Amino acid sequence: MPAPMISLESLTSRSTMNQLLATATSGACTSSSCGSSAKPDDVDSAIWEKIKDHPCYSEEAHHYFARMHVAVAPACNIQCNYCNRKYDCANESRPGVASEKLTPDQALRKVIAVANEVPQLSVLGIAGPGDACYDWEKTKATFERVAREIPDIKLCLSTNGLALPDHVGELAAMNVDHVTITINMIDPEVGAKIYPWIFHDHRRFTGLEAAKILHERQMLGLEMLTARGILTKINSVMIPGVNEEHLLEVNRWVKERGAFLHNVMPLISDAAHGTHYGLTGQRGPRATELKALQDRLDGGAKLMRHCRQCRADAVGLLGEDRGREFTLDQIPDKVSYDASKRESYREVVARERGDHVAAKSEAIGVVKAAGSAGSLLVAVATKGGGRINEHFGHAKEFQVYEASASGITFVGHRKVEQYCRGGWGEEPALKTVIAALEGIDVILCAKIGDCPRDQLTEAGIRATDDYGYDYIERAISALYAAEFAAEPLTATA
Ligand code: CLF
Ligand code: SF4
């Protein structure tokens, strides 16, 4: 019997999920490279085990796996000029949207409810709305409860680093092997422009003294995590005119101290958020400025470019937020964990991933072999699975890839206003999409109408649905080949 054809049109839709699960349990093979590993040759096996299902620590994993945050830690011990604490933590979330604060018991209920419904779930993170290490008892209680019920879920936290050194031993004992520290400076002179005060050792410190203590504690925490083999990601907020040049130095320092990834995020600043920066007119960087800085950082500590600056209560794949489906009022008082969906999903993904990695590697080879100095910046509408499987009009973000002599690289994403709502395209929204896609050469999507396509063409951006549902890299290599005269790959999906 031929293997059923699985289209990863949507890893998030219920119908596709049911199809995936049905195939997984039938034992049918979905691809020619069934069973092949997605592990890159240059990644150590122990590290691979830690990152392969973590959507933030592996760019490739973020096509398949989801994280959820539980907002159990509202208290914070520092003040960042980009944060207004009546909103979510700006380290890890979009400011301006209040989150539901949870007790550890409520958090456990929510994690179980999500794990039963979202088979992609692989990571539980605590990322605000305050500081997970300062509000330690709630963080610890939550992790302990969840680890007891769902032992295979990865535990992850984000912190400003001030209280981190006090808890590294406990983190290691709880098998937390992913910690994010937000480090925006290594020079207290710069720090004093970002942090008006800190609360440490039962005292409040301000100015240079505050920034110096914070810096020392952040470095100590990072070194302690590295010594215990805990993977550490550094988040830095790029603040134009304050620290953008300085982040080159930050990158060097954290690399020397063993950071696994460096994630440079744009400052989100808006007077409506009530933050100091928002109220004083400090602007955030444009997408092109962020990319230029990230390009200059290449070659230092490995960069994360797929961060979505999630809310403190985010649920789902990184590009989506299903948090509203799982508010406490929708979750029964008693829920018990059912592992079956997550287990079946993992079997399917293991096979699909091998196929994707093989296609990606072949596509990159084609681009490199072209020997062309040309480059293409490509925006892709995708719902996950590494495929072009979203309609132009439904996209709320585009993933951006660069094809050049060095291969095909994921370079970021651009959030956009959804063009098509209720079956009709919105002209004003299209204008904002065009502005957000500044610098993009080509858009790849599953479907696009003539009207938006023509307007995009007028704005100098080509858009095509010719490669709908194919793997992203394979489509880009075909585009590159057509543009720069290499041999195109034949699509087999
Ligand atoms: Fe959450 Fe952060 Fe863990 Fe990821 S988010 S605590 S490492 S599980 Fe990820 Fe969100 Fe970016 Fe953070 S996309 S804001 S990097
Ligand atoms: Fe806000 Fe997070 Fe900074 Fe604390 S560490 S002030 S919660 S952004």
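Thresholds, definitions, all that
- One numbering rule holds for all chains: residues counted from 1, following each sequence as written.
- Each chain gets a letter, beginning with A, and each ligand a number, beginning with 1, in the order they are written.
- Local features in this predicted model are restricted to residues of pLDDT 70 or higher, and side-chain atom pairs are both shown and tallied only at a pLDDT of 80 or more, whereas totals for entire chains, interfaces and linings draw on every residue.
- Neither water nor hydrogens contribute to the side-chain values; these are computed over all heavy atoms in the structure.
- What makes a nonpolar core is a set of buried Ala, Val, Leu, Ile, Met, Phe, Trp, Tyr and Cys residues whose side-chain atoms join them at distances within 4.5 Å.
- Residue exposure (1.4 Å probe, protein chains only): buried if accessible area is under 20% of the type maximum, exposed if over 50%, otherwise partly exposed.
- Put simply, DSSP marks the helices as runs of H or I at least four residues long and the strands as runs of E at least two long, and each gets a number from the N terminus on.
- Working rule for contacts: check all heavy atoms of both residues, and any pair within 4.5 Å makes them a contact.
- Under this definition, polar contacts are N or O atom pairs within 3.5 Å; protein pairs additionally need one hydrogen-donor-capable and one acceptor-capable atom, and for neighbouring residues in sequence, both atoms have to be side-chain atoms.
- The rule for a salt bridge is simple: a side-chain nitrogen of Lys or Arg has to be within 4 Å of a carboxyl oxygen of Asp or Glu.

K.L.:
With reference to specific residues and values, describe the nonpolar core.
P.N.:
If you look at the biggest cluster of nonpolar residues, it comprises 57 residues, and the most contacted ones within it are Val70, Leu124 and Val179. Of all the elements, helix α3 (residues 104-117) adds the most residues to this core, at six residues. In this structure, Val179 is in contact with Tyr57, Leu157, Thr159, Leu164, Leu171, Leu225, Ile230, Leu231, Thr232 and Lys233, ignoring residues within four places of it in sequence. Formed by 35 residues, the second largest nonpolar core is a distinct cluster that contains Leu162, Ala210, Cys307 and Leu318.

K.L.:
Quick one: what's the story with the side chain of His167, residue by residue and with numbers?
P.N.:
Along the polypeptide, His167 turns up in the loop between β4 (154-159) and α5 (168-173). A distance of 3.3 Å separates a polar side-chain atom of His167 from the backbone oxygen of Cys133. Looking at His167, its side chain comes within polar contact range of the side chain of Trp136, at 3.4 Å. When sequence neighbours within four positions are dropped, the list of residues in contact with His167 reads Cys133 and Trp136.

K.L.:
So what's going on with the pattern of salt bridges? Which residues, and what values?
P.N.:
The tally for this structure, following the rule as stated, stands at 30 salt bridges. For the salt bridge of Arg474 with Asp470, the shortest nitrogen-to-oxygen distance reads 2.9 Å. Owing to a relative accessible area of 9%, Arg474 belongs among the buried residues under this scheme. Note on Asp470: relative accessible area 8%, which makes it buried. Within this structure, Glu49, Lys52, Asp53, Glu60, Arg346 and Arg353 form a network of salt bridges that share partners.

K.L.:
Explain unusual backbone geometry to me, using residue names and the numbers behind them.
P.N.:
Positioned with a positive phi, Asn175 is a non-glycine residue whose angle comes to about 60°. With respect to the helices, strands and loops of the structure, Asn175 is situated in the loop between α5 and β5 (178-182). On the basis of relative accessible area, Asn175 is assigned to the exposed category, the value being 61%. Phi angles above zero are rare outside glycine, and Tyr469 is one such case at about 75°. Mapping Tyr469 onto the fold places it in the loop between β18 (462-464) and α14 (472-484).

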